[in-house]
Amino acid sequence: MAKAYEEIADGLRAQIRAGRLGPGDRLPSESDLIKATGRSGPTVQQALRVLQAEGLIEKQHGRGTFVRRPRTPVQRTNARHQWEKDRARAPERQRLDTGATERDTGLGVGDLVFHAAYREIGASKEIAAALGVAEGTALVERTYRTRYSAERNPFSLVTSLLIRDLVQQNPDLLDETKEPWPGGTWNQLLTVGIEIDRVEERVTARPPTVEEADELGLPPGTSVLVLRKTLYDTDDRIVEMSDVTLPGDRTEMLFTTHLERW
């Protein structure tokens, strides 16, 4: 026999799936649900927690509980790397017309809201070891957020690190006001004579921090994928490293490996 909270959750879930409660619609208040179901407050609250954990509803502070709008899915493939390298040498007009986020989501440049912030930091012990530099080495830390203009949450949380000495010959690479940069990091590095030879990616999964869950708009219980991407140049130097935190409820990682024929 279903528990009381499950019966309430089943009823609301059925209304959402049938379209009687659509994306963005406000659910009845907890007091109204208590009156309508004849159940206690804790029972109604447990039912709502179940639906929130399933990603069907979301609570908005001071406003109430709403049917969650579907987020734009992102498919990130490893074919993007050759595309980014080719794009780095394309004419500026072509580089302005599209970017990696547009490629991953199918959205257009005009659909996106972009934010970048730069600061100079010294390499911590862990970061220095990962980059193969001395602890305290001057780095340019860049944080990026890109979101669909119709949504509140970014597609990912990106922190990118450049070794300052490698890029300082082009002052524009130290200036956040030059963002968004046509052609992205690959073109930025090209301006200082750096060609990318290979990309190393490591993917792990973990629970989000409170701050990550809030910024990404994650339902309770949703994990994040953490991608560390390292770019090596043709001299086998690490020239950029980025940590990308991706929401587990709307990100697909697709890896295709082409094999030589016998």
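Structure shown above.
Residues numbered from 1 in each chain as written. Predicted model: local features only at pLDDT ≥ 70, side-chain atom pairs only at ≥ 80, totals over all residues. Heavy atoms only, no water.

Draft legend 1. Expanded view of the packing of helix H1 (residues 4-17) against helix H3 (residues 41-53). Closest axis-to-axis distance for the H1/H3 pair is 8 Å, and the angle between their directions is 50°. Between H1 and H3, the interaxial angle falls into the category oblique. Judged by the twist between their axes, the crossing of H1 over H3 is right-handed. Two secondary-structure elements touch here, H1 through Ala 4, Tyr 5, Ile 8, Ala 9, Leu 12 and Arg 13 and H3 through Thr 43, Val 44, Gln 46, Ala 47, Leu 48, Val 50 and Leu 51. Looking at the contact of H1 with H3 residue by residue, the class counts come to 10 nonpolar, 2 polar and 1 charged. (Axes fitted to C-alpha atoms, helices over the stretch in contact; angles between N-to-C directions. Helix = DSSP H or I, 4+ residues; strand = E, 2+ residues; numbered from the N terminus. Parallel < 35°, antiparallel > 145°, perpendicular 65-115°, else oblique. Left-handed = near helix turned anticlockwise from the far one by under 90°. Contact = heavy atoms within 4.5 Å. Nonpolar A, V, L, I, M, F, W, Y, C, P; charged D, E, K, R; others polar.)

Draft legend 2. Spotlight on the environment of Pro 28. Structurally, the position occupied by Pro 28 is in the loop between H1 and helix H2 (30-37). With 128 residues separating them in the primary sequence, Pro 28 and Ser 156 have C-alpha atoms 32 Å apart.

Draft legend 3. Spatial organisation of the nonpolar core. Core analysis: the biggest nonpolar cluster contains 31 residues, and Ile 127, Leu 139, Leu 189, Ile 196 and Val 239 have the highest contact counts within it. Secondary-structure elements contributing two or more residues to this core are strand E4 (112-122), helix H7 (125-131), strand E5 (138-148), strand E6 (157-163), helix H8 (164-167), helix H9 (184-190), strand E8 (224-233) and strand E9 (238-247). Per-element tally for this core: the top contributor is E9, with 5 residues. Membership of the second largest hydrophobic core comes to 14 residues, among which are Leu 12, Leu 33, Val 44 and Leu 56. (Core = buried A, V, L, I, M, F, W, Y, C linked by side-chain atoms within 4.5 Å. Buried < 20%, exposed > 50% of the residue type's maximum accessible area, 1.4 Å probe, protein only.)

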